[in-house]
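Residues per chain are reported as follows:
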Amino acid sequence: MTNHWKDIKNADVVLVMGANPAENHPCGFKWALEARDERGAQIVTVDPRYTRTSAVADHHMQIRPGSDIAVLGGMIHKILDEGLFHEEYVRLHTNASFIIEDGFGFENGLFAGFDQAQGAYDKTAWEYERGSDGFVLRDMTLQHPRCVFQLMREHYSRYTPDVVAQIAGCSAEEFLAMAEIVCSTGTADRVGTIMYAVGWTMHTVGSQIIRTGAILQLILGNIGRPGGGINAMRGHANVQGATDHAIVAGILPGYLKVPGPDQTSLASHLEASTPRPLVPDTVNYWGNYPRFMVSQLKAWFGDTVGPENEFGYHYLGKPADDATWLSMWDQAHQGRLEGLVALGFNPLLAGPDVPRLLRAMANLKWKVVIDPFMLDSAEFWRAPDVDPAEIDTEVLYLPATHWVERAGSFTNSGRWAQWKEQAIDAPEGVRSDTWILSELFWRVKELYEEEGGAFHEPILNLQWNYLNPREPGLEELAAEINGSDLETGQLLSSFGQLRDDGTTTSGNWLYTGSFTEDGNMMARRGTDDPSGMGFHHDWAFSWPLNRRVLYNRASADGEGRPWDASRAGIRWTGERWVGDVPDYGPTTPPDQAGAFIMNEEGVARLFTTYLVDGPFSEHYEPVESPTPNVLHEDVPTNPLIRWYDGVQETLANDDDDYPYPCTVYRVVEREHFVTSNVPYLVELMPDFFVEVPEGLAVEKGIENGERVRVWSKRGEVEGVAVVTKRIKPLTVNGSTVWTVGIPVHWGFKGITTGAMANNLTPFVGDANTSCPEFKAFLVNLEKA
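Rules used in this analysis
- Residues numbered from 1 in each chain as written.
- Predicted model: local features only at pLDDT ≥ 70, side-chain atom pairs only at ≥ 80, totals over all residues.
- Heavy atoms only, no water.
- Buried < 20%, exposed > 50% of the residue type's maximum accessible area, 1.4 Å probe, protein only.
- Helix = DSSP H or I, 4+ residues; strand = E, 2+ residues; numbered from the N terminus.
- Pairing = 2+ DSSP bridges.
- Phe/Tyr/Trp six-rings, centres within 6.5 Å; stacked < 30°, edge-to-face > 60°.
- Lys NZ or Arg CZ within 6 Å of the ring centre and 35° of its normal.
- Polar contact = N/O pair within 3.5 Å; in protein donor to acceptor, adjacent residues only side chain to side chain.
- Contact = heavy atoms within 4.5 Å.
- Disulfide = S-S within 2.5 Å.
- Salt bridge = Lys/Arg side-chain N within 4 Å of Asp/Glu carboxyl O.
- Axes fitted to C-alpha atoms, helices over the stretch in contact; angles between N-to-C directions.

Asker: For this particular structure, what's the right way to read the pairing of strand S8 (residues 192-196)?
Answerer: If a strand is regular, its side chains alternate between the two faces of the sheet. With respect to burial, S8 is a largely interior element, five of its five residues being buried. Residues Gly192, Ile194 and Tyr196 line one face of S8 and the alternating positions Thr193 and Met195 line the opposite face, and both faces are buried. Here strand S1 (residues 13-17) pairs with S8 via four bridges, running parallel. Residue pairing for S8: Val14 is matched across the bridge by Thr193. Direction of pairing for S8 relative to strand S9 (residues 230-232): parallel, over a ladder of three bridges. Bridged to Ile194 within S9 is Ile230.

Asker: What am I meant to see in the packing of aromatic side chains here?
Answerer: Centre-to-centre distance and the angle between the planes together describe a pair of aromatic rings. One pass over the full model with this rule turns up 38 aromatic pairs. Ring centres 5.3 Å apart and planes at 65° place the aromatic pair Phe114 and Tyr121 in the edge-to-face group. With relative accessibility at 10%, the residue Tyr121 sits in the buried group. Judged by centre distance (5.1 Å) and plane angle (25°), the ring pair of Tyr196 and Trp200 falls under stacked. By the burial criterion, Tyr196 is buried, and Trp200 matches it. One aromatic cluster is present, formed by Phe104, Phe106, Phe111, Phe114, Tyr121, Trp126, Tyr156, Tyr159, Phe607 and Phe616 through successive ring pairs. Stacked on the ring of Trp543, the Lys or Arg Arg415 has its end atom at 5.7 Å from the ring centre. The side chain of Arg431 reaches across the aromatic face of Trp435, ending 4.0 Å from its centre.

Asker: Would you mind going over the pairing of strand S15 (residues 408-411) with me for this structure?
Answerer: Two elements, S15 and strand S16 (residues 416-420), share four bridges in a ladder whose sense is antiparallel. In the strand pairing of S16, Ser409 is matched with Trp419. Between S15 and S16, which pair antiparallel one after the other, the connecting turn spans four residues, and Arg415 there sits at a positive phi close to 75°.

Asker: Even after reading the chapter, I still don't get the side chain of Ser377, so can you show me in this structure?
Answerer: One can find Ser377 in the loop between strand S13 (366-371) and strand S14 (394-399). Since its relative accessible area comes to 1%, Ser377 is described here as buried. Engagement of the side chain of Ser377 in a polar contact is seen with the backbone nitrogen of Leu348, the distance being 2.9 Å. In this view, Ser377 contacts Asn346, Pro347, Leu348, Met361, Lys367 and Val369; residues no more than four positions away in its chain are not counted.

Asker: What's the story with the state of the cysteines in this structure? I'm lost.
Answerer: When the sulfur atoms of two cysteines share a covalent bond, that bond is a disulfide. This structure, assessed with the given rule, holds zero disulfides. Looking at Cys771, it has no disulfide partner, and the nearest cysteine sulfur is the one in Cys662, 17 Å off.

Asker: How should I be thinking about the sheet that holds S16 in this particular structure?
Answerer: Adjacent strands of a sheet form backbone hydrogen bonds with each other and so pair up, either parallel or antiparallel. Ordered in space as S15-S16-S21, the three strands form an open sheet in which the pairing is antiparallel. Sheet topology places S15 and strand S21 (541-542) at the edges, where each strand pairs with a single neighbour. The pairing of S16 with S21 spans two bridges and is classified as antiparallel. What sits directly across from Ala417, in S21, is Phe541.

Asker: What exactly am I supposed to notice about the pattern of salt bridges here?
Answerer: It is possible for side chains of opposite charge to pair when their charged atoms get near one another. If you walk through the whole model with that rule in mind, you get 40 salt bridges. Where Glu716 meets Arg709, a salt bridge forms, and the shortest distance between an N and an O atom there is 3.3 Å. Overall, Glu716 belongs to the partly exposed group, its relative accessible area being 40%. Look at the salt bridges and you will find they share partners, linking Asp12, Arg39, Asp564 and Arg567 into a network.

Asker: Please explain unusual backbone geometry as it appears in this structure.
Answerer: Where the residue is not glycine, phi is negative for most of them; where a peptide bond is considered, it is trans in most cases. Residue Pro544 is bonded to the preceding Trp543 through a cis peptide linkage, with omega at -5°. Checked against the element boundaries, Pro544 lands in the loop between S21 and strand S22 (570-572). Here Tyr255, not a glycine, exhibits a phi torsion of approximately 65°, which is positive. As for its position among the elements, Tyr255 is in the loop between strand S10 (251-252) and strand S11 (256-257). Here Asn284, not a glycine, exhibits a phi torsion of approximately 50°, which is positive. For Asn284, the position within the fold is in the loop between helix H11 (266-273) and helix H12 (289-301). Judged by relative accessible area, which is 6%, Asn284 ranks as buried.

Asker: What is the right way to read the sheet that holds S1 from this model?
Answerer: Across the sheet, which stays open at both edges, the five strands sit in the order S3-S2-S1-S8-S9 with parallel pairing between neighbours. The two strands at the open ends of the sheet, each matched to only one other strand, are strand S3 (59-62) and S9. The average undirected angle you get between the axes of adjacent strands in this sheet is 20°. Pairing between S1 and strand S2 (residues 42-47): five bridges, direction parallel. Note that in S2 the partner of Leu15 across the bridge is Val44. In this fold helix H3 (residues 68-82) packs onto S1, S2 and S3, with an angle of close to 155° to the strand it touches most, S1.

This is how it looks when you write it as structure tokens:
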């Protein structure tokens, strides 16, 4: 989240899209209801289903799965066409005035620079035009034909209400009624927020959907402001913390970069990873990357590394390929992955194309499952249609503590790291994750010490200096993550104290300040809120530096005056910034640097080269779609999708009979897989079901409560039919389209069992993150 949960109460408009927070984030959603009840805010939902959030919203619009960019692009078009944007904000705080090189363009679904043979873009045509001083040329009038503002206006001009309706399936009138509400916040006295979740991320264009939401919020002037922002809602209590600490592929802790194979020295890695200023007046805080990286290496390898051996940089792997979910399981599918450790995760039910996953798991020599429950992945050989006699994989199950059985910290969606205490004791014979991982480390290290072996340095030199080396204390780990000054022995209070000479450590620079000489900041529970804005600076710790709203310098104008004095983020007193912890130098005058201090531009990016599939977003159809792409039929899907061997053959094509878009989702009673082992929750929602639109059920002769079979080109499911009016027929490109909804929670383990929804989903993902496309695919159905 750019903002945080409680800040949502400060909004005038709450757009819920790609999410169902009333069901999946019920405690946090109360702040949206408070915004409506106390401020008169409007809550609106845009979703393929009429959800439990829609039931308490002021307005709802149903769309086809996978049409989000078209809808958001239509709103951007309306804002630019009708002059509804926050003009002073856009000039001051975005790159709208930046001029792009002459070679840039967009034609027939492709941006300039596409290399068909490589399946990638040469981004040189996307670069800014530079002056003789090396800085970007700008036109503050926003009239230059190649400035970002004009290119953006041209790009989204195609997304008229009629085109949006043709793609999304709503009517033009429904779209305009929704857009009128969302686009009403482009003024200083109004502000709107977006609440989104995996309904946006789980598409082949997921990153670009989120980018489109960010563009929308930037031109309305809603980023950095209390009550504004673009707010990702994470599906578990610590998904944000796990991401911050690099549980996902392709990053190191604190979003540092994994070295590439061409970065053979630390110097080459730092050169490639440290941005250079593009304008004179930018803080360019990522310019401190060397301090973050060297301090990270020192935290890992301690006294064994220094300038003489590049701080152990050569210990780090430098992969040529990625290790994202799809790539990892593709390696297993090819028989090139020997083993896998699943820690607190149920990959069989969490991944797409379960039949393919089962074949991949059967190719593993060994598999370790560390979990409180013996979930489906631990006994995958018991899956339907699998012959256990043909499975040679050795599976090792290590029962681990549940989070209620241990202390530690959660970092919530709003970046608040909050310490918690152990609630109950673990059952006999169950050990903590910390003990299991530590013991695994020690046993591997002892084998190296006894037998030798390749790549020994990172293991033998890894620091493990804890009071009980076999089971580190959680507060010891928190202090290590925070970081220390090696010259004084003191814990650091700010990442501004980090150095690149090897005299500081930090296990994650973003968390520096969370565990200081004053104690565990995450355990604080002060409730004072003098501003009334919900900042609560004495409650827990919010990265970075206890800041509650990111980019909050943009909450004020060029002179440091809040856009709305009644909802001030920070304001300039003439000597310093007051309010929230400033995302800016505390005493830096308002005209001395751009508001977006992390960016080399000093401003927010409406146009960016950082994504692989385009500097602006563009509507591409899901890989399985009931309609051609009405914007560019020759390039229907994202041209930057990575295709794994055999996947295209598993997709529905024009000759197949799969007419119905389908989407998967969660229900509050089940939450996720662990709750399938909680009797009271299972009793509330015992059976796997399929949501069938009422009109489609009539066509198929299906009665409510009967069993229904649903199948895709990859697999099938069977369950109880819930015949519903919540999903209406849509008119997509002139044809009637029905959407089917399926929850994801069931498998062949648990108190009750049911079909695995991901039997149906395709093995394909987002072009930038490889997050699988769970949210839009094609099926057929019939009475079972």
